[in-house]
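What the coordinates show
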Amino acid sequence: MDDKKDARLTVGFLCLIMILLIVGDCVQKDRLFSENENRLLQQRPALSRETLLDGKFMEDYEKYVSDQFVARDNWIELKTRSEVVMQRREVGGVYLGKDDYLFEQHLPENCAPEKVEKKLALLEALVRQYDAKVMLVPTADNVLTEKMPKFAPYFDQLAFLEQVRACIGEEAYIDAAGELEKHKEEEIYYRTDHHWTSLGAYYGYEAWKSHTHNLTPVRYDPLEMAVVSDTFLGTLHSKLNLPVKEDKIQYFPQTLARKVKVTYDYNVVRDSLYETSYLEGKNQYGFFLDDNHGFVEIETGYENGRELFVLKDSYANCLIPLLTAHYEKIYVVDLRYYNGRLAQLMDPYMGERTDVLVLYNCIHFIEDFQYY
Amino acid sequence: MVFSSIVFLFRFLPIVLICYFATYLCPGKAAQRVRNLILFLASLVFYAWGEPVYVLLMLFSTMSDYLHGRAIDACRSQKGRRWLLASSLCINLLVLGFFKYADFLIGTVNALTGLRIPLLELGLPIGISFYTFQTMSYTIDVYRGKARVQRNLLDFAVFVTMFPQLIAGPIVVYTKVEKELHDRKADWQDISYGARRFIAGLAKKVLLANNIGMLWEEISALDYGSLSVLTAWLGIAAFALQIYFDFSGYSDMAIGLGAILGFRFPENFNHPYISSSITEFWRRWHMTLGSWFREYVYIPLGGNRRGLPRQLFNILVVWMLTGIWHGAGWNFLLWGLWFALFLILEKIILGKVLKFLPRIVGWAYSMGVVLVGWVFFQLESLDSVTAYLQAMFGQGARAWYDGRTIYLLLQYAVVLALSLFFATPVMHRLGEAMDRSATGLGIAVRRLVQKVVPALLLLASVAYIVDASYNPFLYFRF
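Small disclaimer: the values here were computed from a predicted structure and weren't measured. Every chain begins its residue count from 1, and numbering advances along the sequence as written. Whichever chain is written first is A, and whichever ligand is written first is 1; the rest continue in order. Local features in a predicted model are, by the rule used here, given only for residues with pLDDT of at least 70; side-chain atom pairs are given and counted only at 80 or more, and totals for whole chains, interfaces and linings are based on all residues. The side-chain figures draw on all heavy atoms in the structure; neither hydrogens nor water molecules are used.

Examining the overall build of chain B
Numbering of helices and strands runs from the N terminus, with a helix taken as a DSSP run of H or I at least four residues long and a strand as a DSSP run of E at least two residues long. Counting its secondary structure elements, chain B contains 20 helices and zero strands. Taken along the three principal axes of its C-alpha coordinates, chain B extends 70 × 65 × 50 Å. When burial is assessed residue by residue, chain B has 56% of its 478 residues classed as buried. Any two residues whose heavy atoms approach within 4.5 Å at even a single point are treated as in contact. Sequence-distant contacts, at least 24 apart, represent 76% of the contacts inside chain B between residues at least 6 apart. Of the side chains in chain B, 42 bear a positive and 27 a negative charge, and the two mean positions are spaced by 10 Å. Working definition: with a 1.4 Å probe on protein chains only, accessible area under 20% of the residue-type maximum means buried, over 50% means exposed, and in between means partly exposed. Positive charges are assigned to Lys and Arg, negative charges to Asp and Glu, while His and the chain termini are left out of the count. By convention, charge coordinates are those of NZ in Lys, CZ in Arg, CG in Asp, or CD in Glu.

Okay, here's the thing in structure tokens:
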């Protein structure tokens with residue numbers, strides 16, 4: 001065989017690869033949603049004079065071809081695997097930690113002092129006006145530091161919390177970080193998700209309890225927690241989509257003892273704090289308080305006249321059930337879904353015996369805490 | 001449209017190539033014309049995909065130079081020819097000046113005089129600097145009698161608009177492709193070579209440039225005031241590698257596509273980061289731009305034939321132009337001047353000194369100059385340039401290195417090592433040795449490698465393109 005014939009073979013071989021991919025791509029049906037990436041995929045854009053002239057059609061079409069490319073998930077997996085092989089410590093904003101722990105990356109430069117100052121000013125005003133108590137929870141990277149990749153940079157939330165403490169005063173500051181630090185050898189954060197576990201939330205609850213006066217004595221025992229799922233693969237896993245050990249989701253059965261009435265966004269009424277339907281799907285953390293809602297009202301039937309108003313992020317979802325034993329009513333607000341004036345929302349609920357609690361993880365607080 | 005996208009690789013390119021090679025089924029002169037027509041139409045689609053309006057500007061430019069070429073050819077008086085050339089150059093430079101430099105000039109005038117002339121805020125037509133330089137080479141060469149006039153409008157339009165090198169070079173002067181425009185042939189070996197070259201370029205862009213670019217992206221977003229010295233150097237070195245692999249990758253892809261279509265485009269990069277002087281660096285970096293300026297500015301200005309002072313002046317002019325060719329901004333001018341300074345120093349004395357020193361000293365000096373140059377090039381405001389340079393040179397109380405440096409070195413260790421390795425000619429030499437090998441084993445290995453390596457690189461590149469969280473186009477300011 002001479003070089004010429006061999007060149008023909010080379011061209012044929014490379015063409016074959018291209019043809020296989022193109023044919024595969026043409027045969028494959030379009031998908032609406034990517035489970036792995038947890039997002040809607042671009043659909044075939046409509047062609048019109050306007051979209052053609054301003055380039056919108058081309059832009060969308062490029063996204064469309066790429067989003068719907070044959071075996072998209074496998075290509076992404078191939079990329080991620082190659083990055084792991086190349087000894088990357090962080091892939092797609094996720095640190096690959098020890099003992100199968102994944103950590104969301106929070107770089108110090110993304111939490112600029114000016115941004116932090118602004119949020120603190122908002123928080124301080126809230127504390128002054130409503131005598132709010134504040135529990136800001138550090139994320140896993142700041143507590144399980146020994147499991148992080150060596151030298152991996154992260155925003156120092158413990159220093160940030162000292163700043164919070166100094167700003168709002170001891171009286172308002174609930175030290176969840178200190179409590180979690182004491183238990184960092186335990187399973188207080190999920191390995192595959194950015195949330196804390198029910199055990200972590202329990203320690204947060206303990207910190208809250210020791211800070212709040214005149215509570216009905218209730219004791220939860222972590223040993224009595226029940227497993228509702230052992231197939232949980234959370235948001236951090238989704239960013240990588242590599243095979244990892246699955247997490248367990250647990251909860252405190254004691255919280256079922258009392259009959260509750262939960263009203264989501266003023267219209268959907270449920271009789272449980274938990275939604276088991278989520279355990280079938282991907283977003284299993286949604287089990288707690290039906291994932292995220294703008295406004296949730298919980299009536300516990302426990303007639304002690306005490307009420308609690310919670311401003312929170314998703315970290316609160318697995319802690320709030322523990323609070324139901326202490327209040328007659330709990331109002332839960334996720335500020336991301338509320339655009340009106342906060343006072344207008346809160347004031348009608350502010351009675352003599354209403355407590356206010358701000359409950360976020362530090363990062364969500366810096367990113368999302370916002371009101372007018 | 002950029003080469004490193006699914007839509008180019010799996011829609012545009014296959015369709016164009018199928019149409020193009022289908023013409024080989026009917027041999028003869030007509031097929032050659034049809035091929036040019038296909039190439040022209042494909043190029044229009046390619047350009048209009050990203051610039052649906054400015055495609056008209058490109059056609060205007062094509063038409064203008066075609067007509068000027070014809071007129072110069074037809075004109076019998078030297079004076080008339082001169083006026084026609086001047087007219088052509090004026091139109092080209094006005095187009096370029098208006099779309100690329102108008103806002104820069106207005107901004108400068110405003111800053112100097114305190115006036116408030118509103119900016120035009122026109123988007124820069126992609127590739128305009130590349131294609132105006134190509135068309136200018138044509139009219140100048142026709143005027144000088146170096147190139148024959150092109151009477152066929154289609155052939156000329158193909159020369160200007162040809163999609164492989166349209167948006168990121170190499171700058172192909174007319175005389176290089178004069179014959180091929182009319183009559184070209186690609187045999188299987190050309191096609192095989194072109195495909196492999198294209199894939200190599202794609203891999204350079206997608207696997208090396210984009211990945212090492214993320215390191216620069218991360219470092220350049222930090223606060224320069226607290227950057228450790230080593231991190232600063234690491235960052236700019238990462239950018240140096242990014243732009244090299246990105247740019248030379250684009251050139252490889254263009255040369256590869258050209259080969260598939262039957263063109264022989266000039267080389268554009270020759271391992272610039274092994275240079276041991278700045279003079280050598282510019283003989284190895286963006287070679288087609290360098291030779292364009294040499295041919296059409298430096299030599300007409302007198303080159304080195306009118307004494308040293310005049311030569312130094314010429315160098316200064318050429319490198320100021322080179323600087324602002326890369327973007328309308330003071331930082332690009334500064335970048336050009338920075339190189340002019342060292343080129344002049346090397347002409348006067350430094351070149352002779354370097355000859356006596358070991359090559360590594362010259363290399364270290366050159367890399368230092370080039371890396372500092374990239375700071376000018378990439379950081380647009382004077383404040384950030386100063387702040388970054390202060391970090392590189394350890395101004396103020398800053399650490400030599402910190403945890404972040406070590407983390408980034410570990411995080412990017414493999415990519416960094418691969419990039420440094422491929423920036424040297426080692427692999428290139430190995431490839432040449434393999435090509436020359438005539439033993440049975442050598443031939444067998446070569447034939448295997450020529451299939452397996454491109455296939456793997458193609459698949460890996462596709463994986464990185466599909467999940468393109470970071471796939472920038474770096475030449476939108478050129």
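Following the structure, the description resumes.
As for the overall build of chain A
Helices and strands together make up the secondary structure of chain A, namely 13 helices and 14 strands. The dimensions of chain A, computed from C-alpha atoms along their principal axes, are 90 × 50 × 45 Å. A fraction of 70% describes how many contacts in chain A between residues 6 or more apart in sequence connect residues 24 or more apart. Positive and negative charge centroids in chain A, built from 43 and 62 side chains respectively, lie 3 Å apart.

Let's talk about the domain arrangement of chain B
Residues and elements named next belong to chain B. Each domain of chain B was delimited in the assignment, giving domain 1 (6-184) and domain 2 (190-466). Residue ranges for the domains trace back to a domain assignment, done automatically or taken from a database. On a C-alpha basis, the centroid separation for the pair domain 1 and domain 2 is 26 Å. Facing 37 residues of domain 1, the contacting portion of domain 2 comprises 36 residues. Accessible area, probed at 1.4 Å, shrinks when two parts are joined; the buried area is that loss added up over both. Both faces combined, the contact of domain 1 with domain 2 buries some 3100 Å², and carbon together with sulfur accounts for 78% of it. It is F104, F133 and P170 that lose the most area in domain 1 upon contact with domain 2, and together they represent 18% of the buried surface on that side. For this analysis, a salt bridge means a side-chain nitrogen from Lys or Arg found within 4 Å of a carboxyl oxygen belonging to Asp or Glu. Run the count over domain 1 and domain 2 and you get three salt bridges.

Details of the sheet that holds strand β9 (residues 261-264) of chain A
Backbone hydrogen bonds hold the strands of a sheet together, and the pairing may be parallel or antiparallel. Residue and element names in this part refer to chain A. For two strands to count as paired, DSSP must find a minimum of two bridges between them. Within the open sheet, the seven strands sit side by side as β6-β14-β12-β13-β11-β9-β10. Their pairing is mixed. Two strands in the sheet have a free side with no partner beyond their single neighbour: β6 (133-137) and β10 (268-270). Each adjacent strand pair in this sheet contributes to an overall mean axis angle of 15°, direction not counted. Here an angle of 0 to 180 degrees is reported between the N-to-C directions of two axes, which are lines fitted to C-alpha atoms, with helices fitted over the stretch in contact.

Digging into the nonpolar core
Counting 229 residues, the largest nonpolar core has A:W196, B:F8, B:Y273, B:W374 and B:Y388 as its most contacted members. The dominant element in this core, judged by the number of residues it contributes, is helix α10 (residues 229-261) of chain B, at 17 residues. Here B:Y273 is in contact with B:A240, B:L241, B:I243, B:Y244, B:F281, B:W285, B:W363, B:M367, B:V370 and B:W374, once residues within four sequence places are set aside. Core analysis: the next-biggest nonpolar cluster, separate from the first, contains 38 residues, A:V134, A:F155, A:L345 and A:V356 among them. Nine residue types can take part in a nonpolar core, namely buried Ala, Val, Leu, Ile, Met, Phe, Trp, Tyr and Cys, and a core is a set of them joined through side-chain atoms within 4.5 Å.

Section: a nonpolar patch on the surface
Residue and element names in this part refer to chain B. Think of a patch as exposed residues, more than 30% relative accessible area, with no salt bridge, where like charges cluster within 9 Å and nonpolar side chains (Val, Leu, Ile, Met, Phe, Trp, Tyr) cluster within 5 Å. Accessible areas in this description were obtained via Shrake-Rupley with a 1.4 Å probe; residue shielding takes into account the shown protein chains only. Nonpolar side chains collect at one region of the surface, where L308, L341, L345, I348, I349, V353, L357, I360, V361 and W363 lie side by side and expose about 830 Å² of accessible area between them. When residues of the nonpolar patch are traced back to their parent elements, those giving at least two are α14 (330-356) and α15 (359-378). With respect to the element layout, V361 can be found in helix α15.

Considering the sheet that holds strand β5 (residues 102-104) of chain A
Residues and elements named next belong to chain A. One open sheet holds the three strands; their spatial order is β3-β4-β5, and the pairing between them is antiparallel. Because the sheet does not close on itself, it has two edges, and the strands there are β3 (90-91) and β5. Relative to strand β4 (residues 94-96), β3 runs antiparallel, the two being bridged by two bridges. Bridging from a neighbouring strand, E90 pairs with Y95 of β4.

Re the packing of aromatic side chains
Here a Phe, Tyr or Trp ring, Trp counted by its six-membered ring, pairs with any other such ring whose centre lies within 6.5 Å, and the pair is stacked when the planes are under 30 degrees apart, edge-to-face when over 60, and tilted otherwise. Enumeration over the complete set of coordinates arrives at 95 aromatic pairs over all chains. Judged by centre distance (5.9 Å) and plane angle (80°), the ring pair of A:Y61 and B:W49 falls under edge-to-face. In this pair, A:Y61 sits in helix α3 (residues 56-67) while B:W49 sits in helix α2 (residues 29-50), so the two residues belong to two different chains. Each of the two residues, A:Y61 as well as B:W49, counts as buried. On the basis of an interplanar angle of 55° and a centroid distance of 4.9 Å, the ring pair of B:Y244 and B:F245 is categorised as tilted. Judged by relative accessible area, B:Y244 falls into the buried class, the value being 3%. Two conditions define a charge located above a ring, namely a distance within 6 Å from the ring centre to NZ of Lys or CZ of Arg, and an angle within 35 degrees of the ring normal. When the ring centre of B:Y24 is taken as reference, the NZ or CZ atom of B:R35 above it lies at 4.0 Å. The cationic tip of B:K100 hangs over the ring face of B:W325; the distance from NZ or CZ to the ring centre is 5.3 Å.

So, the state of the cysteines
All names here are of chain A. In what follows, a disulfide is any cysteine sulfur pair within 2.5 Å. Per the counting criterion, the structure on display carries zero disulfides over all chains. Of the cysteine sulfurs around C111, a residue in no disulfide, the closest is that of C362, at 9.4 Å. What makes C111 buried here is its relative accessible area of 6%. Lacking any disulfide linkage, C167 is separated from the closest cysteine sulfur, that of C362, by 14 Å.

Overview of the domain arrangement of chain A
Accessible area lost upon the coming together of the parts serves often as the stated size of an interface. Assigned domains within chain A: domain 1 (1-30) and domain 2 (109-368). Computed over C-alpha atoms, the centres of domain 1 of chain A and domain 2 of chain A are 55 Å apart.

As for the pattern of salt bridges
On inspection of all chains with the given rule, the structure shows 43 salt bridges over all chains. A salt bridge links A:R270 to A:E275; its shortest N-O distance comes to 3.1 Å. One salt bridge connects B:K146 with B:E295, and the closest N-O pair in it is separated by 2.7 Å. Taken as a pair, B:K146 in the loop between α5 (128-144) and α6 (153-161) and B:E295 in helix α12 (residues 287-298) lie far apart in primary sequence, 149 residues in all. According to the relative accessible area criterion, B:K146 is partly exposed, its value standing at 49%. Its relative accessible area of 25% is what places B:E295 among the partly exposed residues. Beyond isolated ion pairs, a larger network of salt bridges with shared partners links A:D3, A:D6, B:R446, B:R447 and B:K451.

Some thoughts on the confidence of the model for chain B
Across chain B, pLDDT averages 91, with 99% of residues at or above 70. Across the predicted assembly, pTM comes out at 0.88 and ipTM at 0.86. Residue-level confidence of the predictor, termed pLDDT, takes values from 0 up to 100.

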